Amino acid sequence: MSCAKGKQTNLQKAIDKIREAASKGAQIICLQELFTSLYFCDQEDYENFKLAESVPGPSTDALSEVSADLNVVIIASLFEKRTQGIYHNTTAVLDTDGAYLGKYRKMHIPDDPAYYEKFYFTPGDLGYKVFKTTLATIGILICWDQWYPEAARITSLMGAEILFYPTAIGWATAQDQATNVEQYNAWQTIQRSHAVANGVHVVSVNRGGFEQNGAMQFWGGSFISNPFGTILHQASHDKEEVIVHEIDTAKTDSYRTHWPFMRDRRIDSYEPITKRFIDENR
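Being a predicted model, the structure only gives us computed values, none of them experimental.

**Q** Break down the overall build of the protein for me, citing the residues and quoting the values.
**A** Each helix and strand in the protein was counted, giving five helices and 13 strands. In terms of overall dimensions, the protein has C-alpha extents of about 50 × 50 × 40 Å along its principal axes. Accessible surface, the protein as shown: approximately 13700 Å² in total, 51% of it carbon and sulfur. Treating the 27 positive side-chain charges of the protein as one cloud and the 35 negative ones as another, the clouds have centres 3 Å apart.

This is how it looks when you write it as C-alpha cells:
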C-alpha cells in the first residue's frame, strides 16, 4: 500500500486492508515496513522522532483487537521508542487470538542517500527471532536484512517455516529504466536465493507509491517464493494490492530431502564467517 502523512490515516487504511485480506481467506497478514507513516528516513530531521511509539503500544493494541476479531496473525512493522534517545525499527507479531507474541528489531541498518536509517535506528539487540503462531512458526527480518544470507540462515535454523520481510525500497525517479530493472531483479534474486538455500518459503512485502515530493517511487513488487525459488505470486510496481496465496509448509520436508543443503552443511569449516574480512597479510 501507499502511505500518507497522517499516522492514524495509515493505521486505519492498514486495518481496512487487513479486513479485506481476511475476507479473501488470509490467515497470516504481513504489513510493509514502517506502514504508519511516510518513509521518513529520506532526511535527518529530529521532528521525525515524534513518530515513534512503544512496542507493544497504541498501534499493537489496535491491531490486536483486529487480529482477535478476524482470527488472523498480523505482522506489523513499527518505529519503536524504547526509551529516551534509543529507537528501533521493529516488527511486532500478533497471534490469532490477539496475543502479542513479541518483536524483532532490525539488525542491519543502512545509510545511503534518501535512506538515512542510522540517524534514527539503533541496531537490533534481540538477535534473530522466530515466532510460534497457532498457524506456523514464522521468521521476521526487515528490509536491509534482505541482503544478508547469514540472517536468513540463522532464522531458518531456528525453525522458521516461512521468512517474512517487511520492506520499504524504491527507485529514484530521475534514474533510467535499465537501472530500475537491474535493481529490482537483484532485490528479488537475493531473497529467492534465501528460499532455495534454506528450503523455506519467502514472503517479501514492499510499500508502493510516490514519496519525497515525487523524487522516490517505492517499487512495490511484493512477491512470494517457494523453496525452489519459484515465484508463486508477484505484485505490480504501480498498484496497491491485497494478495492472498496458500502456502503448504508441509512441503518443506520434501524440498529439503531432495536438495539436502541443510544436511550437507560443513559447520566445522564456517568459523571465518565471523570475521569482518579475511586478510591475506595481517
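**Q** Let's hear about the nonpolar core: which residues, and what values?
**A** Membership of the largest hydrophobic core comes to 26 residues, with the highest contact counts inside it found for Tyr104, Ile138, Ile140, Leu163 and Phe164. Of all elements in the fold, only strand 2 (73–83), strand 6 (137–140), helix 3 (149–157), strand 7 (162–167) and strand 9 (201–206) reach the threshold of two or more residues within this core. Setting aside residues no more than four positions away along its own chain, Ile138 makes contact with Ile28, Val73, Ile75, Val93, Lys129, Val130, Phe131, Thr133, Ala160, Ile162 and Phe164. Tyr39, Phe79, Ile109 and Ala168 belong to the second-largest nonpolar core, a separate cluster that totals 22 residues.

**Q** Talk me through the pattern of salt bridges; I want residue IDs and the actual numbers.
**A** Evaluation of the coordinates by the stated rule reveals 15 salt bridges. For the salt bridge of Lys106 with Glu117, the shortest nitrogen-to-oxygen distance reads 2.8 Å. Residue Lys106 is found in the loop between strand 4 (100–105) and strand 5 (130–132), and its partner Glu117 is found in the loop between strand 4 and strand 5; the two are separated by eleven residues along the sequence.

**Q** So, unusual backbone geometry: which residues are in play, and what are the values?
**A** Residue Pro56 is bonded to the preceding Val55 through a cis peptide linkage, with omega at 0°. By secondary structure assignment, the location of Pro56 is in the loop between strand 1 (28–30) and helix 2 (58–70). The backbone of Leu34 sits at a positive phi, close to 50°, despite the residue not being glycine. By the secondary structure assignment, Leu34 is in the loop between strand 1 and helix 2. The backbone of Asn213 shows a phi angle near 55°, a positive value even though the residue is not glycine. Locating Asn213 in the fold gives a position in the loop between strand 10 (208–211) and strand 11 (216–219).

**Q** Give a detailed account of the pairing of strand 9, specifying residues and quantitative values.
**A** Strand 9 sits mainly inside the fold: six of its six residues count as buried. Here strand 9 shows a buried face lined by His201, Val203 and Val205 and a second buried face lined by Val202, Ser204 and Asn206. Summarising the sheet, strand 7 and strand 9 pair through six bridges and their orientation is parallel. Paired with Leu163 across the strands is Val202, a residue of strand 9. Where strand 9 lies against strand 12 (residues 223–225), three bridges are found, and the strand directions are antiparallel. Across the sheet, the residue bridging to Val203 is Ile224, located in strand 12.

**Q** Before we move on, could you go through the pairing of strand 10 and cite the residues and values that matter?
**A** In the sheet, strand 10 pairs with strand 11 via four bridges, with the strands oriented antiparallel. From the neighbouring strand, Gly209 faces strand 11, where its bridge partner is Phe218. Hairpin connection between strand 10 and strand 11: a loop of four residues separates the two successive antiparallel strands, and Gln212 in this loop has a positive phi of roughly 55°.

**Q** Outline the packing of helix 3 against helix 4 (residues 177–198), listing residues and values.
**A** At a closest axis distance of 10 Å, the pairing of helix 3 and helix 4 adopts a crossing angle of 40°. With respect to helix 4, the axis of helix 3 lies oblique. Seen along the crossing, helix 3 lies across helix 4 with a hand that is right-handed. Taking contact as the criterion, the partners of Pro149, Ala152, Arg153 and Ser156 in helix 3 are, on helix 4, His194, Ala197 and Asn198. Considered class by class, the residues forming the contact of helix 3 with helix 4 number three nonpolar, three polar and one charged.

**Q** Describe the sheet that holds strand 11, and please don't skip the residues or the numbers.
**A** Read from one edge to the other, the open sheet built from three strands follows the order 8-11-10, with strand pairing classed as antiparallel. Two strands bound the open sheet, and with one partner strand each, they are strand 8 (170–172) and strand 10. The sheet shows a mean angle of 20° between the axes of neighbouring strands, direction not considered.

Rules used throughout
Residues numbered from 1 in each chain as written. Predicted model: local features only at pLDDT ≥ 70, side-chain atom pairs only at ≥ 80, totals over all residues. Heavy atoms only, no water. Helix = DSSP H or I, 4+ residues; strand = E, 2+ residues; numbered from the N terminus. Areas by Shrake-Rupley, 256 points an atom, 1.4 Å probe, with all protein chains shown as cover. Lys, Arg positive; Asp, Glu negative; His and termini not counted. Charge placed at Lys NZ, Arg CZ, Asp CG, Glu CD. Core = buried A, V, L, I, M, F, W, Y, C linked by side-chain atoms within 4.5 Å. Buried < 20%, exposed > 50% of the residue type's maximum accessible area, 1.4 Å probe, protein only. Contact = heavy atoms within 4.5 Å. Salt bridge = Lys/Arg side-chain N within 4 Å of Asp/Glu carboxyl O. Pairing = 2+ DSSP bridges. Axes fitted to C-alpha atoms, helices over the stretch in contact; angles between N-to-C directions. Parallel < 35°, antiparallel > 145°, perpendicular 65-115°, else oblique. Left-handed = near helix turned anticlockwise from the far one by under 90°. Nonpolar A, V, L, I, M, F, W, Y, C, P; charged D, E, K, R; others polar.

So far we have only geometry, and geometry alone does not tell us how the molecule works.
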